[in-house]
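Letter by letter, the chains look like this.
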Amino acid sequence: HYSGLEEAVYRNIQACKELAQTTRTAYGPNGMNKMVINHLEKLFVTNDAATILRELEVQHPAAKMLVMASHMQEQEVGDGTNFVLVFAGVLLELAEDLLRMGLSSCSEYLLFATQVIEGYEKACKKALEILPDLVCCSAKNLRDVEEVASLLHTSLMSKQYGSERFLAKLIAQACVSILPDSGHFNVDNIRVCKIVGAGISASSVLHGMVFKKETEGDVTSVKDAKIAVYSCPFDGMITETKGTVLIKNAEELMNFSKGEENLMDLQVKAIADSGANVVVTGGKVADMALHYANKYNLMIVRLNSKWDLRRLCKTVGATALPRLTPPTLEEMGHCNSVYLSEVGDTQVVVFKHEKEDGAISTILIRGSTDNLMDDIERAVDDGVNTFKVLTRDKRLVPGGGATEIELAKQITSYGETCPGLDQYAIKKFAEAFEAIPRALAENSGVKANEVISKLYAVHQEGKKNVGFDIEAEAAAVKDMLEAGVLDTYLGKFWGIKLATNAAVTVLRVDQIIMAKPAGGPKPPSGKKDWDEDQND
């Protein structure tokens, strides 16, 4: 039983280590991209850990614990998923070393595993106590585009190294323009529209919404737009029950179709008379309705997605009407201009607000391939989430491994003051923090041991903000606060907490019991076509 127990634990740890190793080479600005092909045979080329994990089908139950921890980080902070995976993987790797040292019997194993778990939990608690002391600065004014852009550099650098300054400015403009006075920022209010062509430098920000659609009628541009939004098709009313009309002569036939035309004419004229000059519909547009819309100079836009319809209502302040009735002034939306434009060779309809503080902003991404634009969109998502985190907590800690090395130094000192077997686990927890600067150094092609020894030497002198310089040719260090490489305090806080919880949960497991259907013959499926006549 002892050997089986030992084997089960090591197998769990091995599965988690392999998963962490997959994303470790993608860590940091110089991380390698992964080419992931999911079960639908869709291709993803990215170094974003959240996307890699979402598209991988992880089968091993212990490895799934790490995936769940990184999903929690994604929901809580929106960035730092790779940190959780790498850190949790190293914690389990070092726990394995400790268990191998302490194993001699089954009862001793259980005792020692408990000691390792207690040590990790103590060290995690201590790390979260030390973390507020490592805060190097705070965001001063989240309505200043230049300041916000400088704070977003680090999170964008790990996804789009080289384009981070340009993208940071775009995201900062979009976020600042829709930040409400209450400070409650909603990430859904930043929309992304991807159009193939040109390059990343041709990307731009628009206050309002952009749809990859064409207008239905002849009118393609309206200034000072008053918008009527309908969730139903732009067509005549259809009765719920069928009726039969008996027509006796040609005159009655003419009058019948003329009556339908007159009814449609009256409906469209009533909408035009209410002051509306743009109609947005969620269903099909009938030819007759389109004819009268052109007659009364109404611009018609068709949106198939009900989500797009809701967002547009929010942007322009309209109410979606379920029937073709003339809208009241309160139900109509308003924006400065609605126009059909061509971006590259793609037709787009733009609902534009001239004023800065609109409800929704759209970032128009240009790029040479769909995969490249998908990756830029993921970088934009991370940048927007970083801004949201800053609206909750403005504190920042130094990046580039500076925070991790300082935590490792202080937790090692704390471990030496602890009696009992806990101290071994606490020291290993401190050692696990070295994995972050080590991954940055290895992915940059620099000797990791040299970088870590230099960082420890500098931190012993009391320089807490010094981290690894990824732009240097050799193993070099520099002040991260001066370089502007900063991580959010909340990102680090939740990352350490969730990674430790995941590692401890895996260490507590000694058996995996899978419930599967029992074997044996399958029940008869029943005769097909049993009710058909045998003679057929």
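Overview of the structure. Everything numeric in this text was worked out from a predicted model, so none of it was measured.

What counts, and where the lines are drawn
- Residues numbered from 1 in each chain as written.
- Predicted model: local features only at pLDDT ≥ 70, side-chain atom pairs only at ≥ 80, totals over all residues.
- Heavy atoms only, no water.
- Salt bridge = Lys/Arg side-chain N within 4 Å of Asp/Glu carboxyl O.
- Helix = DSSP H or I, 4+ residues; strand = E, 2+ residues; numbered from the N terminus.
- Buried < 20%, exposed > 50% of the residue type's maximum accessible area, 1.4 Å probe, protein only.
- Pairing = 2+ DSSP bridges.
- Core = buried A, V, L, I, M, F, W, Y, C linked by side-chain atoms within 4.5 Å.
- Contact = heavy atoms within 4.5 Å.
- Axes fitted to C-alpha atoms, helices over the stretch in contact; angles between N-to-C directions.
- Parallel < 35°, antiparallel > 145°, perpendicular 65-115°, else oblique.
- Left-handed = near helix turned anticlockwise from the far one by under 90°.

Thoughts on the pattern of salt bridges
Turning to step 1, where the next piece is worked out: Per the counting criterion, the structure on display carries 26 salt bridges.
Turning to step 2, where the next piece is worked out: Asp235 serves as the salt-bridge partner of Lys284, at 2.9 Å between the closest nitrogen and oxygen. In this pair, Lys284 is assigned in the loop between strand S7 (278-281) and helix H9 (287-295) and Asp235 in the loop between strand S6 (221-230) and helix H8 (250-273), connecting sequence segments 49 residues apart.
Turning to step 3, where the next piece is worked out: Under the relative-accessibility criterion, Lys284 is labelled partly exposed at 46%.

Considerations on the pairing of strand S1 (residues 34-37)
Turning to step 1, where the next piece is worked out: The alternating pattern of S1 places Lys34 and Val36 on a buried face and Met35 and Ile37 on a face that is not buried.
Turning to step 2, where the next piece is worked out: Connecting S1 to the next strand, strand S2 (residues 43-46), in antiparallel fashion are 5 residues, including Glu41 with a positive phi near 65°.

A word on the nonpolar core
Turning to step 1, where the next piece is worked out: One finds Tyr120, Ile411, Phe429 and Ile496 to be the most contacted residues of the largest nonpolar core, which totals 78 residues.
Turning to step 2, where the next piece is worked out: If one sorts the elements of this core by residue count, helix H4 (residues 81-102) sits on top with 13 residues.
Turning to step 3, where the next piece is worked out: Sequence-distant contacts of Ile411, that is, excluding residues within four places in its chain, are made with Ala123, Ala127, Ile130, Ile426, Phe429, Ala430 and Phe433.
Turning to step 4, where the next piece is worked out: With 33 residues, the next largest nonpolar core counts Cys137, Ala139, Ala149 and Leu396 among its residues.

Observations regarding the packing of H8 against H9
Turning to step 1, where the next piece is worked out: In contact at an axis separation of 9 Å, H8 and H9 are set at 45° when each is read in the N-to-C sense. In terms of orientation, H8 lies oblique with respect to H9. Handedness of the H8/H9 crossing: right-handed. Facing Glu260, Glu261, Met264, Asp265 and Val268 of H8, the residues of H9 in contact are Met288, Ala289, Tyr292, Ala293 and Lys295.

Observations regarding the side chain of Lys428
Turning to step 1, where the next piece is worked out: On the secondary structure map, Lys428 appears in helix H13 (residues 422-432).
Turning to step 2, where the next piece is worked out: Judged by its relative accessible area of 17%, Lys428 falls in the buried class.
Turning to step 3, where the next piece is worked out: Sequence-distant contacts of Lys428, defined by excluding residues within four places in its chain, comprise Leu94, Leu98 and Tyr120.

Remarks on the sheet that holds strand S3 (residues 137-138)
Turning to step 1, where the next piece is worked out: Strand order in the open sheet made by the 3 strands is S3-S13-S16, with antiparallel pairing throughout. A strand with exactly one partner marks an edge of an open sheet, and here the two such strands are S3 and strand S16 (486-488).
Turning to step 2, where the next piece is worked out: Two elements, S3 and strand S13 (residues 395-398), share 2 bridges in a ladder whose sense is antiparallel. Paired with Cys137 across the strands is Leu396, a residue of S13.

So far we have only geometry, and geometry alone does not tell us how the molecule works.
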